[in-house]
Structure formats: C-alpha cells, structure tokens
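# Observations on chain architecture
Here is how the chains run, residue by residue.
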Amino acid sequence: MLAAAVTVPYPSWLNPADNTWQLTAATFVGLMSLPALAVLYASIVPKKWAVNVMAMMFAGFSLVLIAWVLWSYKMGFGSTSLGGGVHNGVQTQLTGVGWVKHFFENLVGKPGQITTAVGEQGQAVSAANTAIPFHFPNGTLAYFQFVFAAITPLLFLGSVLGRIKFSAWVLLVPLWSTFVYAIDAFLLWGGGYFAQEGALDFSGGYVIHMSAGVSGFVAAWVLGPRLARDRKNAIPNNLVMAAVGAGILWLGWNGFNGGDPYYAGASAAAAVINTNLATATGVLAWMGLDAALTKTRKPTFLGGINGMICGLVGITPSAGWVDGWGAILVGLICTVIVWVAWNYLSKVRPFSKVDDALGVVYTHGIAGFAGGLLLGILGDPGIVEYGCGTLGKAGQVVNTSGSQYLAAGGKCTPFSVNGLLYTGSWHQEWQQFRAAIFVILWSAVGTFLIMKLIGLVLRGARYKDEILEVGDLAIHDEEAFPEETLAQRTGGFAMAGLAESRDHPGQLMATGDVSPPGYTGGS
C-alpha cells in the first residue's frame with residue numbers, strides 16, 4: 001500500500017548533488033564570459049576600443065540566450081533530429097544505414113522553444129547522453145549548454161574587434177549561433193552523426209575553440225584589416241586588469257571541463273585536475289620559450305596568458321579521458337605548436353594577409369585542433385567516465401562498489417577512450433580527424449556566407465575609417481578612461497552638466513560656470 005502523498009522539494013529522478021554541481025559549473029562558465037573574457041579582451045586592446053569590446057560582449061551574451069531558449073537549444077541538444085535519426089533521445093540509426101542518409105538525418109535537432117513549465121522543470125532528455133538518465137531538469141541542462149554557446153562567438157570577437165560595426169555584430173551572433181554552432185554541437189555532442197561514429201569532444205575543443213578560431217579568421221578576412229595605426233600601436237591599456245580577467249577565465253574552466261560528465265562524480269574530479277595541470281604547463285612552456293628563443297630573451301606576461309589559453313583549450317577535448325601525465329603532455333605539446341605558429345606561421349600566407357587582432361586562430365583554432373587529435377593518441381582506457389553498477393527505479397546509483405564500478409558486467413562496459421599509445425589502434429584518431437575536418441569546413445563556409453549576407457544588408461559590415469580613428473567615443477559616446485581636458489563630450493556628458501569652454505575648445509567646464517579664464521573667485 002502506497003503511503004499518503006506529502007509535499008516534497010523535487011521528484012525522485014532529481015539528484016540534488018548532480019543538479020547543484022551542474023548549476024554551479026554553469027555559473028563558473030558564465031563567469032568566463034562575463035566578466036572574465038570581457039575584462040581580458042578590453043584590457044589588452046588600445047584604450048579607445050575598451051568600451052566597444054565590453055558592449056559587444058554583453059550584447060552577444062544576451063543575444064545567444066534569447067535565441068537559445070526560443071529555438072537553438074533544441075537544434076543542438078533536442079531529443080529529436082530534423083531527419084528523425086535521433087528520436088526522443090534515442091539514436092535509431094547506429095547500424096544498417098548508408099552514410100549519406102545517416103549524416104543528413106542526424107545533422108541537427110528540430111528547432112523549438114523551451115519556455116514552458118515542462119521545458120524548464122521536466123527531466124532533461126537528450127541524445128547527448130544515452131547511457132544514464134539525467135539527474136536534473138531540462139532547465140539545468142539548457143543553461144549549462146547555453147553558457148558554452150554564449151562564449152563561442154565572444155571568443156572570436158577577438159579576431160574582428162577594432163573595425164566590425166556594432167549592428168553587424170548584433171546580426172552575426174544569433175545567425176552564427178543558429179547555423180554554425182548548433183549544427184556542430186548536435187553532430188558531436190547532441191547525439192548526431194559524428195557522435196554515433198565515435199568522434200569525441202569532452203568539452204568543446206572542436207565545437208567551441210576550433211570553430212571560434214576558424215570563424216574568427218574568416219570573419220577577419222571578409223572585414224579586412226584594422227587601421228594601420230591601430231595595428232602598429234596595439235598596446236594593452238591595463239595589464240593588471242588583464243590578469244584579473246585571465247585568472248577568472250582559468251578557474252572558471254573548472255566548471256567548463258568539470259561539468260561535462262553531467263554528474264558530480266569521479267570523472268568531474270579528474271577533469272578538473274587535468275585541466276589545471278595542462279594549463280600550468282602551458283603557462284610555463286610559453287614563458288620558457290619566450291625567454292629562450294625570442295630576440296629579447298625575456299619571459300612576458302601576455303605570453304604567459306597565451307600559454308594559459310593553449311593549455312586550457314588543448315585539454316578541453318580530453319580532460320576526462322587522459323591521465324595526469326597525458327594532461328601535462330597535452331599542455332606542453334599544444335603550447336609549443338601554437339608558439340611556433342604564432343611566431344612563424346603568422347608570417348606565411350594566408351595568415352600573414354589576415355588581421356586576426358588577438359590571434360584567436362592560433363590560441364583557440366590550432367590549440368583546439370591539436371588537442372582533439374591528441375585525445376586519439378593519449379586517451380587512457382583506465383580513466384573511466386561512466387562505470388558499471390546498478391540503478392534504482394528512479395535512475396539513481398545503488399548497491400555499487402568501487403570495484404564493481406570499474407569492471408565490466410552483463411551488457412555494461414565502463415566508458416573510456418582507447419588511445420593509440422595504449423592500444424596501438426588508429427581508430428579513435430581517424431574519428432577525431434574526420435570530425436575536425438568537417439567542423440573546420442562548416443565553420444569557414446558558414447561564417448563566410450553569414451558575413452557576406454550581413455554586408456549586403458548593412459551595406460558594409462565595418463565602420464568607415466573616420467569612425468575607426470576615434471573608436472569608443474564615435475560609436476558609443478563613452479570612454480573607459482576619460483581625459484576631460486582633451487576630448488569633446490556630447491550626449492550623456494552634456495546632460496551631466498559638462499560643456500566645452502568657449503575660450504579653450506576641447507576643454508570641459510561645468511555648464512553653469514561662466515567665470516572668465518584665470519578667475520579664482522571672491523568679491
């Protein structure tokens with residue numbers, strides 16, 4: 001006989017620890033965008049572009065969220081694909097289907113909104129994970145995946161800043177998130193074609209970083225270079241604040257990689273420690289290379305940040321599937337590759353002809369590509385993401401010891417990655433390579449077409465040179481570091497009671513002050 005119903009805080013399928021960690025991890029990732037990336041980018045550009053960077057960061061983050069809940073979340077992580085290859089969270093075409101049909105029927109999820117009660121509070125269902133029922137509501141999964149979707153265009157803002165129109169950015173972000181990001185995400189994460197083929201991307205080395213690097217490079221090519229003066233005098237305006245942004249970015253990555261097993265378990269712990277190992281290695285490697293091999297023979301702070309990003313990006317595809325030594329190797333190899341590319345490949349066509357303002361194609365594009373391929377080599381079969389055991393009626397783990405978790409039993413085999421170094425098999429490396437080539441091509445072509453469309457609609461996607469000469473004041477009527485005696489203020493500044501001196505044009509004075517120059521007061 002069933003007991004009488006009483007008020008309860010959540011249904012039995014919800015695990016409070018998993019739900020809490022997933023929301024916490026999502027918040028960490030959100031902080032990587034706002035304020036971390038906004039502060040970092042705004043601090044390492046010339047001060048005349050700081051406000052523009054921050055404005056586009058906040059606008060981009062907001063635009064992705066609106067599009068995400070109204071249509072694009074289901075395109076990337078919905079339970080059913082447009083072609084029906086994925087249906088109600090089940091992959092229905094794992095065998096017996098030709099590759100063309102298999103690809104196109106598992107390309108992207110059906111668009112749709114998630115603003116209903118069920119969309120926010122019902123149990124999450126997605127082919128992103130078919131092994132274990134999700135232990136949290138759809139709202140948790142949707143928000144966690146949103147912060148990944150949001151940071152991706154913000155990353156490639158670093159390629160196009162200093163010339164892209166704000167209006168062009170407002171169009172680019174939702175269009176790119178819909179037609180490039182959502183498709184890449186479904187194919188690799190949402191249970192689509194490449195996921196079914198066996199390609200892996202733990203937290204976004206391909207879907208986020210490689211795609212951002214390629215897309216930023218193509219967008220920068222379409223836009224053309226910054227002003228020659230801006231390229232020549234690209235001096236950071238505040239390295240102290242850059243350190244603040246970089247530090248939050250680093251620690252926020254604990255949520256970025258630690259949240260991707262979807263459960264607060266041992267895999268999350270391994271992903272976090274591996275993330276930090278690779279990052280520390282990257283910082284030291286880049287600084288060491290600068291000190292040993294550059295003309296000045298000096299370690300640089302900005303070089304250390306580049307190394308930090310190389311380590312973070314490089315480990316992202318494999319954080320929960322390599323051991324500690326693998327993480328150190330990933331951080332070292334990716335940083336060395338990117339350092340060489342930054343210093344030498346940048347002088348070779350087409351890289352020498354494209355003004356990628358902050359080098360996103362190197363620190364994100366190349367590092368993400370290298371990290372994804374390294375998974376196929378360094379994936380450790382002993383690092384288990386999901387083990388074997390017993391689930392209760394509510395989908396919670398019961399009666400499972402540590403030894404049972406690590407051992408195959410019945411129809412269950414613990415999930416891990418069989419890298420070339422451990423098995424001698426090239427299978428995983430081939431799957432990684434295939435997926436990488438598609439993401440590169442799709443990101444490049446999609447971004448090119450979107451940028452051309454925006455250029456037609458706006459009659460040009462970049463500002464005129466006279467606006468670029470001024471920067472923030474011309475575009476936003478604001479400055480990050482105002483110098484009140486040197487620049488004319490209008491708009492909001494005039495409303496605040498400031499106007500131009502009649503006798504000293506360009507010098508500000510209070511609008512109520514009509515005293516002559518040199519007047520010191522008194523009767």
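This report concerns the structure included in the present document. Everything numeric here is computed off the predicted structure, so don't read it as measured data. (Residues numbered from 1 in each chain as written. Predicted model: local features only at pLDDT ≥ 70, side-chain atom pairs only at ≥ 80, totals over all residues. Heavy atoms only, no water.)

The next point concerns the overall build of the protein chain. For the protein chain, the count of helices and strands is 20 helices and six strands. For 523 residues, the compact-globule estimate of 2.2 N^0.38 gives 24 Å, and the protein chain sits close to it at 25 Å. Along the three orthogonal principal directions, the C-alpha set of the protein chain runs to about 95 × 65 × 45 Å. When burial is assessed residue by residue, the protein chain has 53% of its 523 residues classed as buried. In the protein chain, 77% of the contacts between residues at least 6 apart in sequence involve partners at least 24 apart. As displayed, the protein chain has an accessible area near 22800 Å², and 66% of this comes from carbon and sulfur atoms. With 26 positive and 27 negative side-chain charges, the protein chain shows a spacing of 8 Å between the two charge centroids. (Helix = DSSP H or I, 4+ residues; strand = E, 2+ residues; numbered from the N terminus. Rg over C-alpha atoms; globule rule 2.2 N^0.38 Å. Buried < 20%, exposed > 50% of the residue type's maximum accessible area, 1.4 Å probe, protein only. Contact = heavy atoms within 4.5 Å. Areas by Shrake-Rupley, 256 points an atom, 1.4 Å probe, with all protein chains shown as cover. Lys, Arg positive; Asp, Glu negative; His and termini not counted. Charge placed at Lys NZ, Arg CZ, Asp CG, Glu CD.)

Turning our attention to the packing of aromatic side chains. For the structure shown, the criterion picks out 34 aromatic pairs. Ring plane angle 50° and centroid distance 5.3 Å describe the contact between Phe-217 and Phe-351, whose orientation is recorded as tilted. With Phe-217 in helix 8 (residues 205–223) and Phe-351 in the loop between helix 13 (324–343) and helix 14 (360–378), the pair connects residues that are 134 residues apart, well separated along the chain. Considering the side-chain rings of Trp-321 and Phe-415, the 6.2 Å spacing of their centres and the 70° angle between planes classify their relative orientation as edge-to-face. You can see Trp-321 sitting in the loop between helix 12 (301–315) and helix 13 and its partner Phe-415 sitting in the loop between helix 15 (402–406) and helix 16 (420–423), a full 94 residues away along the chain. In this structure Phe-415 comes out as partly exposed when scored by relative accessible area, which is 33%. (Phe/Tyr/Trp six-rings, centres within 6.5 Å; stacked < 30°, edge-to-face > 60°.)

A separate point is the layout of surface pockets. For the second largest pocket, the calculated volume is near 1200 Å³. If you go around the second largest pocket, you meet 48 residues; those closest to its centre are Trp-342, Asp-356, Ala-357, Leu-358 and Gly-359. Of all elements in the fold, only helix 1 (16–44), helix 9 (228–232), helix 11 (266–293), helix 12, helix 13 and helix 14 reach the threshold of two or more residues within the lining of the second largest pocket. Of the residues belonging to the lining of the second largest pocket, the class tally is 27 nonpolar, twelve polar and nine charged. (1 Å grid on protein atoms, 1.4 Å probe; cavity = no way out; pocket = protein on both sides within 12 Å on 5 of 7 lines; lining within 4 Å. Points joined across faces, edges and corners; volume = space filled by probe spheres on them. Nonpolar A, V, L, I, M, F, W, Y, C, P; charged D, E, K, R; others polar.)

What follows is about a nonpolar patch on the surface. On the surface, a cluster of nonpolar side chains totalling about 530 Å² of accessible area is made up of Leu-329, Leu-332, Ile-333, Val-336, Ile-337, Val-340 and Tyr-344. Mapped onto the elements, Tyr-344 comes out in the loop between helix 13 and helix 14. (Patch = residues over 30% accessible without salt bridge, like charges linked within 9 Å, V, L, I, M, F, W, Y side chains within 5 Å. Salt bridge = Lys/Arg side-chain N within 4 Å of Asp/Glu carboxyl O.)

As a further point, take unusual backbone geometry. Omega for the peptide link from Leu-34 to Pro-35 comes to 15°, which places this bond in the cis form. Position of Pro-35 relative to the elements: it lies in helix 1. A cis amide bond links Arg-349 to the next residue, Pro-350, at an omega of -5°. Not every positive phi belongs to a glycine, and Tyr-262 is a case in point at roughly 75°. Structurally, Tyr-262 is set in the loop between helix 10 (239–258) and helix 11. Taking the relative accessible area as the measure of exposure, Tyr-262 reaches 6% and is therefore buried. Look at Asp-477: it is not a glycine, yet its phi comes out positive at around 60°. Relative to the elements of secondary structure, Asp-477 occurs in the loop between helix 19 (472–476) and helix 20 (492–495).

Glancing now at the state of the cysteines. A complete count under the given rule lists one disulfide for this structure. In this model, Cys-388 is linked to Cys-412 through a disulfide, with the two sulfur atoms separated by 2.0 Å. Between Cys-388 and Cys-412 the sulfur-sulfur dihedral comes to about -90°; the bridge is accordingly left-handed. Residue Cys-388 is located in the loop between helix 14 and strand 3 (390–391), and its partner Cys-412 is located in the loop between helix 15 and helix 16; the two are separated by 24 residues in the primary sequence. Taking relative accessible area as the criterion, Cys-388 reaches 6% and is therefore assigned buried. The exposure class assigned to Cys-412 is partly exposed, which follows from its relative accessible area of 25%. No disulfide involves Cys-334; its sulfur sits 7.5 Å from that of Cys-310, the nearest cysteine. (Disulfide = S-S within 2.5 Å.)

Let us look at the side chain of Asp-184. Mapped onto the elements, Asp-184 comes out in helix 6 (residues 166–188). Salt bridges are absent for the buried Asp-184, whose nearest opposite-charge side chain, Arg-434, sits at 14 Å. Contact partners of Asp-184, with chain neighbours within four places excluded, come to Val-207, Ser-211, Phe-438, Val-439, Trp-442 and Ser-443.

Okay, the environment of Val-147 next. Mapped onto the elements, Val-147 comes out in helix 5 (residues 138–160). Expressed as a C-alpha distance, the spacing of Val-147 and Thr-27, which sit 120 residues apart in the sequence, is 8.1 Å. Not counting chain neighbours up to four residues away, the residues in contact with Val-147 comprise Ala-26, Val-29 and Gly-30.

Such coordinate-based values are descriptive only and should not be taken to indicate function.
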